[in-house]
Amino acid sequence: MTSLPTDPSAKKLGLVIDLDICVGCHACAVNCKEWNTGGHSAPLPDHEPYGADPSGVWFNRVHAFEVVVDNGDSRTVHFPKSCLHCEEAPCVTVCPTGASYKRADDGIVLVDASICIGCKLCSWACPYGAREYDEDAGVMKKCTLCVDRIYNTALPADMRVPACVSTCPAGARSFGDLGDPTSDVSILVAARGGYDLMPEQECKPTNKYLPPRSRKNGANAENIAPAAMEPPVEPASLLARMADRILSL
Amino acid sequence: MHPAKSVILFTTASGAGYGLIIIAVLCDLLGLLPRGSAVTLTTLGLALGLVVVGLLSSTFHLGHPERAWRAISQWRTSWLSREGVAALWTFLPVLGWGWFRFTNPDSATGLESGLAVVAALSAIGTLYCTAMIYGSLRPVPAWSNRLTPIVYLVLGPMSGSILLVCLSKVFGFESSMIDGIALCLVVVSFFIKKSYWRLIDDSPAISTASTATGLEGKVELFQAPHTGSNYLMREMGFRIARKHSARLRNICVLVGFAVPAAILIFGLVGPAITALSLVALIAAAIGLVAERFLFFAEAKHAQSLYYGESSV
C-alpha cells in the first residue's frame, strides 16, 4: 500500500551527516556501491564502466559546493547525499502499484522490485534525486539504509550500521534513531544545529545535516589575504645587496 | 524534465480522444450530431482509438509493461493510479452511449442522454487526473501550479473540437455552432496557455542551491559527484530545448492557435472547405506537440540544484 503508515512507530532510523568533517573522499559512495550491488537491491548496474561515458546506479553520491559569503570569504563544502527517508515521502504516495513503501516499524523507505512497473514517477516526485532507475532490470532502486546490514545478526554488532557509516574514515556520518530525543544522533543534531534539506518541499526528511563550523580566530578573506606574503629573499653577497639598495631608491 | 516521446504522444493523443468525447456529447445534447451509424462509429472509434494509442504508448514506456495492471490499485494516494482507473472506467459509459445511438437510430432515450453526460464527465475527470500526475509534483514548480490542470482541461477539448469540425465537414453535418465552439476553445486555450507561460516565467524560485544544501551565501556546484552523466541528469536535467523555448513558444502560438483560429473564422464566414479543416487539424496537432514538448523541456526539477542549477 502506498499510503504512508497510518500508525507509525516513534522510531525514525536515519543518518546525520557532518559537513564540517566530510573531506569528500567518496569512500562512503564506493562502499555503498560495493555493499548494495550484492544486497537487498542487487545488482547496481554499470554501463561502460571503463568506457568514455561511464554511467551507473549509485545510492549515495558526493557533490562539492563552493560557498561565497558577503565579505568574499569562500569555502568548499563536500556534500554527500543519499535517500533522506522522509516522514512525508512523496515518492511513496505517488507510486501507482504499491511497490514504493515506508516501513511503519522504523521509517525506512523501500521499493518492492517484484511489483515495480518502472514508471519512474517516484523519481520525479523526489526533490532530492535520491532514486535511480535500473535500466537493465526495468525497476526503480534506492538507498535501503542498508536494511540488510543493520538488522543482520550474522554480522558482529559493531558492523550493524549502513555501509557508508561504517566506512567513513573521518567519522562524518552517524546512524541512529532520530525519533528518540535521547539517542546519540538526536543529541548531536540538537548540539550542532542539524537541519533539513529543502524544508520548503515539505517532505520532512529524517536525515539531518550538520553545518560547517565558522572559522577559528575570525579568519576571513581580509586577514588571511596573500598580501602578507613576500617572496623569499635568497642569500646574496654584500655587493649584490648594496646594488639592490641603490637600485631600489 | 526529459520530454519522452511516449509521454508526449500519450498526453496529446489521449487528450484529443477525451476532448472529442466531451465535445461530441455536447454537440449531441445540442442536437448537432446526426444519429447515423457511420457518424457514431467514426466519432467514437476515432476518440477511443486515440485514447487507446495514448494509453498503449504510456504503457510501453514502462520498465515492466506486463505489470501495468497493478497501476490501478493505489487510487487512494496516486494520481497516476487514479488516471488509470478513470481511463478504464470511461470506456463503459462511452461504449454504452455509442451502443444506444447505434441500436436506436431514430431518437435518444433518457438513459442514452444520461450515459452521454456520464461519459463526458468521466472524460473530464480522466483529463484532470492526467494533469494532476504532473500538477501534484512539488519538486517541479512549472507543473505544480493552479494553471496546469486548466491547461489540460482546455487543450484536450480544443483538439477534440477541431477533430469534430473535420468530421462534420466529411460527413456533411457542418454547422456554424460546431465551428463556433471550436473557435471559442482555440481562443480560450491561447489565453490560458499565455497566462501559464507568464506564470512560470514570473514565479519566484521555490528552492535554491542554498536551500538544497542548507548553506548560507552564494552556493555553486564546484564538483559533480562523477565525471560522467547519470539517470538523474538525463531524466531531470534536460536543458537543450530551453535554449529554443522562445522560438518554440512562437511556433506553438502561430501553428497551434493562430492557424486553426484563422481557418475556423474563414469557415464561419466563407464556404465550407473540408481540406482546410484538415489543415487546421494538422496545424493544431503540430502546435500541441510543440506545446507538450515545452511543458516537459521547460520544467526544472528541484534535484537539478545538486547538479549545477541555481534555482527552480
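In this text the structure is predicted, and so the values were computed from the model without any measurement.

Thresholds, definitions, all that
- Residues numbered from 1 in each chain as written.
- Chains lettered and ligands numbered in written order.
- Predicted model: local features only at pLDDT ≥ 70, side-chain atom pairs only at ≥ 80, totals over all residues.
- Helix = DSSP H or I, 4+ residues; strand = E, 2+ residues; numbered from the N terminus.
- Rg over C-alpha atoms; globule rule 2.2 N^0.38 Å.
- Buried ≥ 20, exposed ≤ 12 C-beta atoms within 10 Å, placed from the backbone.
- Contact = placed C-beta atoms within 7 Å.
- pLDDT = per-residue confidence, 0-100.
- Core = buried A, V, L, I, M, F, W, Y, C linked by C-beta atoms within 7 Å.
- Pairing = 2+ DSSP bridges.
- Axes fitted to C-alpha atoms, helices over the stretch in contact; angles between N-to-C directions.
- Nonpolar A, V, L, I, M, F, W, Y, C, P; charged D, E, K, R; others polar.
- Parallel < 35°, antiparallel > 145°, perpendicular 65-115°, else oblique.
- Left-handed = near helix turned anticlockwise from the far one by under 90°.

## A few points about the overall build of chain A
When you go through chain A residue by residue, the secondary structure sums to 7 helices and 11 strands. The globule rule puts the C-alpha radius of gyration for 249 residues at 18 Å, and the 24 Å found for chain A is more than 25% above it. Its C-alpha atoms give chain A principal-axis dimensions of roughly 90 × 45 × 40 Å. Burial statistics for chain A: of 249 residues in total, 45% are counted as buried. Counting contacts in chain A only where the partners sit at least 6 residues apart, residues at least 24 apart contribute 60% of the total.

## With respect to the confidence of the model for chain B
Mean pLDDT over chain B works out to 95, with 100% of the residues at or above the 70 mark. The complex model carries a pTM of 0.92, and its ipTM stands at 0.94.

## Structural notes on the nonpolar core
Residue and element names in this part refer to chain B. Counting residues in hydrophobic clusters, the biggest one holds 155 residues, and the most contacted among them are Ile21, Ala24, Ala119, Leu164, Ala182 and Val186. At 13 residues, helix 1 (residues 5-29) tops the list of elements feeding residues into this core. For Ala119, the contacting residues outside a window of four places in its chain are Ile21, Val25, Thr90, Pro93, Val94 and Trp97.

## Some details on the sheet that holds strand 11 (residues 208-210) of chain A
In any sheet, the strands associate via hydrogen bonds between backbone groups, in a parallel or an antiparallel arrangement. Residue and element names in this part refer to chain A. Ordered by their spatial adjacency, 3 strands build an open sheet running 10-1-11, and the pairing between neighbours is mixed. The outermost strands of the open sheet, each flanked by one partner alone, are strand 10 (173-177) and strand 11. Between one strand axis and the next, the sheet turns by 25° as a mean value, whatever way the strands run. As paired strands, strand 1 (residues 13-18) and strand 10 are joined by 5 bridges and run antiparallel to one another. Each bridged residue has a counterpart across the sheet, and for Gly14 the counterpart in strand 10 is Gly176. Relative to the sheet, helix 6 (residues 184-192) contacts strand 1, strand 10 and strand 11, its axis offset from that of strand 10 by approximately 120°.

## Some thoughts on the interface of chain A and chain B
At the interface, 50 residues of chain A touch 44 residues of chain B. When residues of the side of chain A that touches chain B are traced back to their parent elements, those giving at least two are strand 4 (61-68), strand 5 (74-81), helix 2 (90-93), helix 3 (121-125) and strand 8 (131-134) of chain A. In terms of residue count, strand 4 of chain A provides more of the side of chain A that touches chain B than any other element does, 8 residues in total. Considering only residue class, the side of chain A that touches chain B consists of 29 nonpolar, 13 polar and 8 charged. Bridge count between strand 4 of chain A and strand 1 (residues 218-223) of chain B: 5 bridges; the pairing is antiparallel. Each bridged residue has a counterpart across the sheet, and for A:Val68 the counterpart in strand 1 of chain B is B:Lys218.

## A word on the sheet that holds strand 4 of chain A
Pairing is antiparallel in the open sheet, where 3 strands are placed in the order 5(A)-4(A)-1(B). Edge positions in the sheet fall to strand 5 of chain A together with strand 1 of chain B, since each of these pairs with one other strand and no more. Within the sheet, the average angular offset between the axes of one strand and its neighbour, ignoring direction, is 35°.

## Some points on the packing of helix 1 of chain B against helix 4 (residues 110-135) of chain B
All names here are of chain B. Between helix 1 and helix 4, the shortest axis-to-axis distance is 9 Å and the interhelical angle comes to 150°. The angle between helix 1 and helix 4 falls in the class roughly antiparallel. In the crossing of helix 1 with helix 4, the sense of the turn from one axis to the other is left-handed. Mapping the contact onto sequence places Thr11, Ser14, Gly15, Tyr18, Ile21, Ile22, Val25, Leu26, Asp28 and Leu29 in helix 1 and Ser113, Ala116, Val117, Ala119, Ala120, Ala123, Ile124, Thr126, Leu127 and Thr130 in helix 4.

## Notes on the environment of A:Ala10
By the secondary structure assignment, A:Ala10 is in the segment before strand 1. By C-beta crowding, A:Ala10 is classed as exposed, having 9 other C-beta atoms within 10 Å.

## As for the pairing of strand 9 (residues 139-142) of chain A
All names here are of chain A. Burial along strand 9 is two-sided: Val139 and Lys141 facing one way and Met140 and Lys142 facing the other are all buried. For strand 8 and strand 9, the ladder comprises 4 bridges, and the chain directions are antiparallel. Looking across to strand 9, one finds that Asp134 is bridged to Val139. Where strand 8 folds back on strand 9, the antiparallel hairpin that results is connected by 4 residues, among which Gly138 adopts a positive phi of roughly 70°.

## Some details on unusual backbone geometry
Peptide bonds are trans in most cases, and residues, glycine excluded, mostly fall at negative phi. All names here are of chain A. Of the consecutive residues Ala42 and Pro43, the connecting peptide bond is found in the cis state with omega at -10°. On the secondary structure map, Pro43 appears in the loop between helix 1 (27-36) and strand 2 (46-47). One non-glycine residue, His85, adopts positive backbone phi at about 45°. Note that His85 resides in the loop between strand 5 and helix 2. Phi is positive for Lys204, close to 45°, though the residue is something other than glycine. By the secondary structure assignment, Lys204 is in the loop between helix 6 and strand 11.

## Things to note about the environment of A:Ala29
Residues and elements named next belong to chain A. Counting through the fold element by element, Ala29 comes out in helix 1. On the basis of neighbour count, Ala29 is assigned to the buried category, with 22 C-beta atoms found within 10 Å. Considered as a pair, Ala29 and Val67 are 38 residues apart in the sequence and their alpha carbons are 23 Å apart. Setting aside anything within four residues of it in sequence, one finds Ala29 in contact with Trp58, Asn60, Arg61 and Val62.

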